[in-house]
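Observations on the model geometry
Chain by chain, the residues:
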Amino acid sequence: MDPSSSEFIGEAQESVETFSRHLLELEAQSRSGNVDPDRLNATFRAVHSLKGLAGLFNAVEIGTLAHAVEGTLDRLRLGRIDLSKEVLDVLFEAVELFGALLIPRGDEDDIPDLIGLLEKIEGLSRSGGGEGAEDANLEWLGEAILSVLSEYEEHRLRENLRKGRSLYRVHASFDILAIDVGIEQLKEKMKAYGEVITYLPSADITAEDRIDLDIILGTSLSFGDVSNALTEVDVTVHRLSPPSAGERAPSRPAPNAPPPPPPLPEPTPAPLTAPSSRPAPERPPERAATLVSTPSQVIDGRSSGIVDPAEAEVSLRSLSQTVRVDLRRLDILMNLVGELGLIQANLTDLQERLRAGDVAADAGRQLQSQVRDMARKLALLQQGILDVRMVPIGQIFDKLHRVVRKLSRELSKEIRLMISGADTVLDKLIVEELSDPLMHMIRNCIDHGIEAANERAQAGKPPAGRIDLRAFQKGNRVVIEVEDDGRGMDWRRLRELGIRRGLITMDEAEGMSPTEAINLIFAPGFSTREEANSVSGRGVGMDVVKTNIAKLSGMIDVHTEIGRGSRFSITLPVTLAIIQALVIESAGHTFCIPLNAVLESIMAERGEVGTIEGQEVITVRGKTLPLLRLSRLFGLRAPPGYRPDSNRIYVVVVGLAQHRVGLVVDELLGQQDVVIKPLGKAIRNVPGIAGATELGANRTVLLLDVARLVDEGVRELAGFGVGGGGHGR
Amino acid sequence: MAAEGDDLWQALARSGEQVATDEDYEHGYKQREVRRDLRHYVSFRVGDEIYGLAIGEIEEITKQFPTTFVPRTADFLLGIGNVRGRIIPVVELARRLGLRSSGYDRAARVLIVTLDDEPYGLLVHEVLEVVRIPPEAMEERPGGISGRRAEYIRGLGRHRGALVIILNLAEVLDPKDFLRLRPGDEGGSW
């Protein structure tokens, strides 16, 4: 199979993202000094499945890398190397490289440095994997237990001892029919107290229809506490303790140990003795473990403090244009289509009866009821299809997490990224288009917003900068906020820079309001850094952000306070595929305006229109609103005989970020849900036109790009000296 | 059984029938190759001239359908129309080629063509027929025609004495010609 197939890329990307998510989690845990072995195992599994996938699709490079990473993770699991900063760095590098390897590339493209990273991984293993001396004698556990421990289990057991925890043997007896549930419950319970190291078949068999298990639990609780907590009808707790304190493992504060790691036990005992000694009863726990995996994962996510979108079934994959769909949703859609088919059959039947002259009284009524039914089903179908397009925004938040990590190291600023609302769903298309703008914004926050640690200390702020990434639904829109607690923006300085960059003249600067000055950051070629660095400062950031957001019919607002930080809010429609539109007419041509850009529509007398230096304006609730005539902007020629009401005009007030402009049109034809269709390559870039749609009877109608029109209008108005000033929010 | 092949040859020799030789095969093959070289073109009338497009470039031919005017585009773009759910830009070929652009009647057709996987419509006055033109009947475009128009022509073909101008679709539908920039838009700093 072909490694460039979208199927492979999609799946692989998902695995890489899972890997990266777990890695971030592990990093947080290693900082707090308490690495959860389950998390490490999950990380291992993600890479392992990636390796399998790569093998299946013959993706050699990815397979090789996955193999190496898997090896490293395995050694981490077995405690042969420590989860040091160095190891984490290499693993994160692997995440990036996986991403680079997944992008299909031509012959002349740069080949990602796979060899270099493989050598680094190799280096890790060697420096870390020294032959550890046996540092604890476990023989007191007895041959019965020792002989069945796997290398990994033994390592966990030692690890628990090193942390000074006690070991307990929990003997449990399960009804053979309910063993799945029983083990799950017990495991959940025990997890709260410590670590379940292994399940062992028990020697003493109580009854035919029961299975007995010994579970080795490592915990820091005392025997009494454990016993109280766990003992019930079929569960007994026994203490496992070494014969004398002298032979105990040297208790060492393990987790934060710096590299070079302490000599760790190279597994000498536990040579899996006669396989027959791990008999069938070993099986049920394994099966139980798989059954439990989902709930335990949820618990991990909750306890980790960071929203873990792992449970989200639908995943965003930027390289492949696929959406993973819950089968149940497809079933619903399928059913709907089936029902529509039935209705169609009924309608055909009715039609034939009517043609045959059967004008029975109830034919009309039946027809009406069928049509109504069909309309309802169609609406459901539309909703269902829309739902299928929806994906949680969490996936790009994960990517951003990585960006933050990388940048904070590059610029040596400590940053905490707080995420909320990762499960907010948006149209797949929007989610895809959002990742670049959000990345730019986060970069700006880190580079320009967050101060250096000493500067923060002087301002009395905690040394670590904080960036909040929030998503939430607000009415039928989604708001995404990026907020930092940095130095904020000084509008006077921005204004000064605007002059220096030649974006505004001295005169323009004079009349500028703080809001307008702040909005200069969205102008092309504006950068507050004197010299470009690798992170930002090439002056392409925020104007790209603005353009991209505007393309999604979104708006961006800035709120900033000097010394306190800045907040960028992006307001977006939930979907782009179907939008509500206001249908208008100008000089005999029909257009649609996305309703989410329309603030209000007002009817005015021609006499209310005044002029300021030739620019038409109208006063709405005490504020002066500049007017743009659509017919003039587009050079529309009215068809012969077209005579709009000469005394009445309609003004559609549209807004883009801070700017408000009134579009003058001849007629408002109503609101409608429209399906947006893209225009071909040739006319995709017509300024002011965002797409096309159909309004029944095969009538194609253009959809206005309000952002662009407002931009043009504002630019034009600035020429007349009627800038957005008084009309801002 | 083993002698069957020999028997066949002997039987043929006796009956005096001729067996095809290698040269015969080669000859026949060559002749076929020349035939395959013939190319099919759809010929159509724009104004008073006859044009042609390779048959593979044309997806379908439809009657004229209503189009919607798109502001800020070149005047040869008639507008956009809807063909079975797809939005298609429709080019008035006569204007694009600088010819008389009136007189569309019931014979007028829209050729739906594909270029770089994107559909376009070409409005023509009349679709004539499918013609086969052997390569030896094709001419390079004459040097006399110069400028932009010359680039639209891939070659000149002769079919029963009539001249068929074969179009170069990539040039005729060059996307950068579709936009009409407003006077203030060039080099805009925004």
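Remember, predicted model here, so these are calculated numbers, not experimental data.

1. What to know about the overall build of chain B
Along the backbone of chain B there are five helices and eleven strands. Pairs at least 24 residues apart make up 56% of the contacts formed inside chain B by residues separated by at least 6 positions.

2. Overview of the overall build of chain A
In terms of regular secondary structure, chain A is built from 21 helices and 22 strands. For chain A, with 729 residues in total, the buried portion stands at 35%. Put simply, of all contacts in chain A between residues at least 6 apart along the chain, 73% involve residues at least 24 apart.

3. Digging into the sheet that holds strand β21 (residues 689–694) of chain A
Residue and element names in this part refer to chain A. Pairing in this open sheet of five strands is mixed, and the strands run β20-β12-β13-β22-β21 from one edge to the other. Edge positions in the sheet fall to β20 (667–675) and β21, since each has one partner strand and no second. The sheet shows a mean angle of 35° between the axes of neighbouring strands, taken without regard to direction.

4. A closer look at the confidence of the model for chain B
Residues and elements named next belong to chain B. Here chain B shows a mean pLDDT of 79. Residues at 70 or above account for 72%. Counted against residues more than four places away or in other chains, residues 182–190, with its pLDDT under 50, gives five contacts. Prediction confidence for the complex, expressed as pTM and ipTM, is 0.48 and 0.74 respectively.

5. Observations concerning the packing of helix α1 (residues 6–32) of chain A against helix α2 (residues 37–57) of chain A
All names here are of chain A. Their axes nearest at 9 Å, the elements α1 and α2 cross at an angle of 160°. Overall, the two elements α1 and α2 adopt an arrangement that is roughly antiparallel. The element α1 and its partner α2 pack so that their crossing is left-handed. In contact with Phe-8, Glu-11, Ala-12, Ser-15, Val-16, Thr-18, Phe-19, His-22, Leu-23, Glu-25, Leu-26 and Gln-29 of α1, α2 contributes Arg-39, Leu-40, Ala-42, Thr-43, Ala-46, Val-47, Ser-49, Leu-50, Leu-53, Ala-54 and Phe-57.

6. Considering the environment of Gln615(A)
Turning to its location among the elements, Gln615(A) is positioned in strand β16 (residues 615–620). On a C-alpha basis, the gap between Gln615(A) and Pro626(A) in space is 7.3 Å, while along the polypeptide they are eleven residues apart.

7. So, the interface of chain A and chain B
Opposite the 24 residues of chain A that make contact, chain B presents 18 residues. Of all the elements in the fold, those that place two or more residues in the side of chain A that touches chain B are β21, β22 (700–704) and α21 (706–720) of chain A. Class assignment of the residues belonging to the side of chain A that touches chain B gives a composition of twelve nonpolar, seven polar and five charged.

8. Observations concerning the pairing of strand β8 (residues 465–474) of chain A
As paired strands, strand β6 (residues 415–420) of chain A and β8(A) are joined by six bridges and run parallel to one another. Within the sheet, the bridge partner assigned to Ile415(A) lies in β8(A) and is Gly465(A).

9. Here's the deal with the nonpolar core
Residue and element names in this part refer to chain A. Ile-593 and Leu-704 are the most contacted members of the largest nonpolar core, which has 121 residues in total. Looking at which element gives the most residues to this core, the answer is helix α14 (residues 428–449), with eight residues. The residues that make up this core include at least three from each of domain 4 (393–573) and domain 5 (578–727). Ignoring sequence-local partners within four residues, the contact set of Ile-593 consists of Ala-581, Leu-582, Ile-584, Val-598, Val-652, Val-654, Leu-704 and Val-706. Grouped together as the second largest cluster of nonpolar side chains are 35 residues, Leu-53, Leu-101, Ile-121 and Leu-124 included.

10. Examining unusual backbone geometry
Phi at Ala587(A) takes a positive value of approximately 50°, unusual for a residue other than glycine. Within the secondary structure layout, Ala587(A) lies in the loop between β12 (578–586) and β13 (589–594). Note on Ala587(A): 18 C-beta atoms within 10 Å, which makes it partly exposed. Even without being a glycine, Asp117(B) presents a positive backbone phi close to 70°. Asp117(B) sits in the exposed class, given 7 other C-beta atoms within 10 Å.

11. Some remarks on the sheet that holds strand β10 (residues 555–561) of chain A
All names here are of chain A. Strand order across the open sheet formed by five strands is β6-β8-β9-β11-β10, with mixed pairing between neighbours. Each edge of the sheet is formed by a strand with only one pairing partner; in this case those strands are β6 and β10. Between one strand axis and the next, the sheet turns by 15° as a mean value, whatever way the strands run. Relative to the sheet, helix α13 (residues 394–410) contacts β6 and β8, its axis offset from that of β6 by approximately 170°. Along the sheet, α14 makes contact with β6, β8, β9 (477–484) and β11 (565–573), crossing β9 at roughly 20°.

12. Digging into the pairing of β11(A)
All names here are of chain A. Relative to β11, β9 is paired through seven bridges, and the arrangement is antiparallel. Each residue of the ladder has a partner; that of Arg-477, found in β11, is Pro-573. Where β10 and β11 come together, seven bridges link them in antiparallel fashion. In the sheet register, Glu-561 faces β11, and the bridge partner there is Gly-565. Linkage of β10 to β11, two consecutive antiparallel strands, is achieved through a turn of three residues, within which Gly-563 is found at a positive phi near 85°.

13. What about the packing of α1(A) against helix α4 (residues 85–102) of chain A?
Residues and elements named next belong to chain A. One way to put it is that α1 packs onto α4 with a least axis distance of 10 Å and a crossing angle of 165°. The angle between α1 and α4 falls in the class roughly antiparallel. Read as a crossing pair, α1 and α4 show a hand that is left-handed. Together, Ile-9, Ala-12, Gln-13, Val-16, Phe-19, Ser-20, Leu-23, Glu-27 and Ser-30 of α1 and Leu-88, Leu-91, Phe-92, Val-95, Phe-98, Gly-99 and Leu-102 of α4 make up the contact between the two elements. In the contact of α1 with α4, the residues fall into eleven nonpolar, four polar and one charged.

14. Details of the confidence of the model for chain A
All names here are of chain A. Chain-level pLDDT for chain A is 75 on average; 78% of the residues reach the 70-or-more range. Confidence scores differ between elements of chain A, with helix α10 (residues 283–304) showing the lowest mean pLDDT of 36 and β13 the highest of 92. Here residues 128–134 is a poorly scored stretch, pLDDT under 50, and it has 17 contacts once near neighbours within four places are set aside; other chains count.

Scoring rules and cut-offs
Residues numbered from 1 in each chain as written. Chains lettered and ligands numbered in written order. Predicted model: local features only at pLDDT ≥ 70, side-chain atom pairs only at ≥ 80, totals over all residues. Helix = DSSP H or I, 4+ residues; strand = E, 2+ residues; numbered from the N terminus. Contact = placed C-beta atoms within 7 Å. Buried ≥ 20, exposed ≤ 12 C-beta atoms within 10 Å, placed from the backbone. Pairing = 2+ DSSP bridges. Axes fitted to C-alpha atoms, helices over the stretch in contact; angles between N-to-C directions. pLDDT = per-residue confidence, 0-100. Parallel < 35°, antiparallel > 145°, perpendicular 65-115°, else oblique. Left-handed = near helix turned anticlockwise from the far one by under 90°. Nonpolar A, V, L, I, M, F, W, Y, C, P; charged D, E, K, R; others polar. Core = buried A, V, L, I, M, F, W, Y, C linked by C-beta atoms within 7 Å. Domains from an automatic or database assignment.

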